[in-house]
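# Fold and geometry: a report
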Amino acid sequence: MLKDITLGQYFPIDSPLHKMDPRTKILVLIFMLVAIFIADGIVGYLAVTFFTVFIILLSKVPFKLYFRGLKPIWFIILFTGVLNLFLTPGTKIYLWEHSTGMTWEGLILAGKMAIRLVLLILASSALTYTTSPISLTDGIEKLLLPFSKIGLPAHELAMMMSIAIRFIPTLIEETEKISKAQQARGADFESGNIIKRAKALVPMLVPLFISAFRRADDLAVAMESRCYRGGNGRTRLNPIHFKKVDLWTAMVFVIFFGAVIALRFVS
């Protein structure tokens, strides 16, 4: 299942979404997530769903990669759905004149939460699939730059966020290697109850943490050996600039966001 986590991976292909300024994509993602949670009613959910599919088509990244990233969250969707079904007060659902313990309001809420989680993962994946770690760092830093006047370390925060996202696939790959090595030595991660499974993970977590700290130390040494001194006076090989495609994207998304808000109040 770990290999199905695709968050943080970048696919260098030629698409309209790849050519956009990273700041535009970050802002669109933020407001897209807001729109997903604001949306209400069938029309509202259809609007955000079609817009998410439109973004996926613009990225030219295969659909199977997006849906592969959904596999790790199916358990979360199922778990939250069951909780909503049985814990949400409302009109009881009856089958053959027998109460099931579930409510119609819980069923509707479970469906809404499932749709929101799926769209959230798909929209977030579109950003990392189409934006390189360097561009993502530059975009976050540019967006946080106004806050540096009040003492916020914009460059350092952007660097930490981009490095964290970038190393997600690396840590997942390292976890797979350690897991296979432990299984080859007789470790069992699947049998037994939850407590036994949690205890079985300890031999895997210890070397994983050691490897993560070692990678962090190697990265720090590499940055220091290249005389890295933060964002002050730092130049960039490929400066980011807003283009016409960013203007058109912003206009289309403002119209879409306004429509979602309007549908919220109309419905």
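A short tour of the structure in this document, coming up. (Residues numbered from 1 in each chain as written. Predicted model: local features only at pLDDT ≥ 70, side-chain atom pairs only at ≥ 80, totals over all residues. Heavy atoms only, no water.)

## Regarding the environment of A262
This is how the line gets drawn: Secondary structure elements follow DSSP: runs of H or I no shorter than four residues count as helices, runs of E no shorter than two count as strands, and numbering proceeds from the N terminus. Working definition: with a 1.4 Å probe on protein chains only, accessible area under 20% of the residue-type maximum means buried, over 50% means exposed, and in between means partly exposed.
You can see A262 is positioned in helix α11 (residues 244-266). Judged by its relative accessible area of 37%, A262 falls in the partly exposed class. Separated by 24 residues in sequence, A262 and N238 have C-alpha atoms that sit 39 Å apart.

## Quick notes on the packing of aromatic side chains
Two descriptors summarise a pair of aromatic rings, namely the distance from one centre to the other and the angle between the planes of the rings. Cut-off, in case you're wondering: Ring pairs are drawn from Phe, Tyr and Trp, using the six-membered ring of Trp, whenever the two centres fall within 6.5 Å, and their geometry is named by plane angle: stacked under 30 degrees, edge-to-face over 60, tilted for the rest. Lysine NZ or arginine CZ positioned within 6 Å of the ring centre and within 35 degrees of the ring normal marks a charge as sitting over the ring.
Tallying each qualifying case throughout the model produces 10 aromatic pairs. Summarising the aromatic geometry, the rings of F63 and F67 are spaced 6.2 Å apart at their centres and angled 20° between planes, so their arrangement reads as stacked. Of this pair, F63 and F67 both sit in helix α4 (residues 63-68), separated by 4 residues, roughly a single helical turn. On the basis of relative accessibility, which here comes to 34%, the residue F63 falls in the partly exposed class. Between Y66 and Y129, the aromatic rings sit 4.9 Å apart at their centres with planes inclined by 75°, giving edge-to-face as the arrangement. One end of the pair, Y66, is in helix α4; the other, Y129, is in helix α6 (residues 104-130), with 63 residues separating them in the sequence. Judged on exposure class, the residue Y66 and its partner Y129 are both buried. Within the aromatic cluster, the residues linked to one another by ring pairs are F31, F51, F54, F253, F256 and F257. Across the ring face of F242, the terminal group of R23 is positioned such that the distance to the ring centre comes to 4.0 Å.

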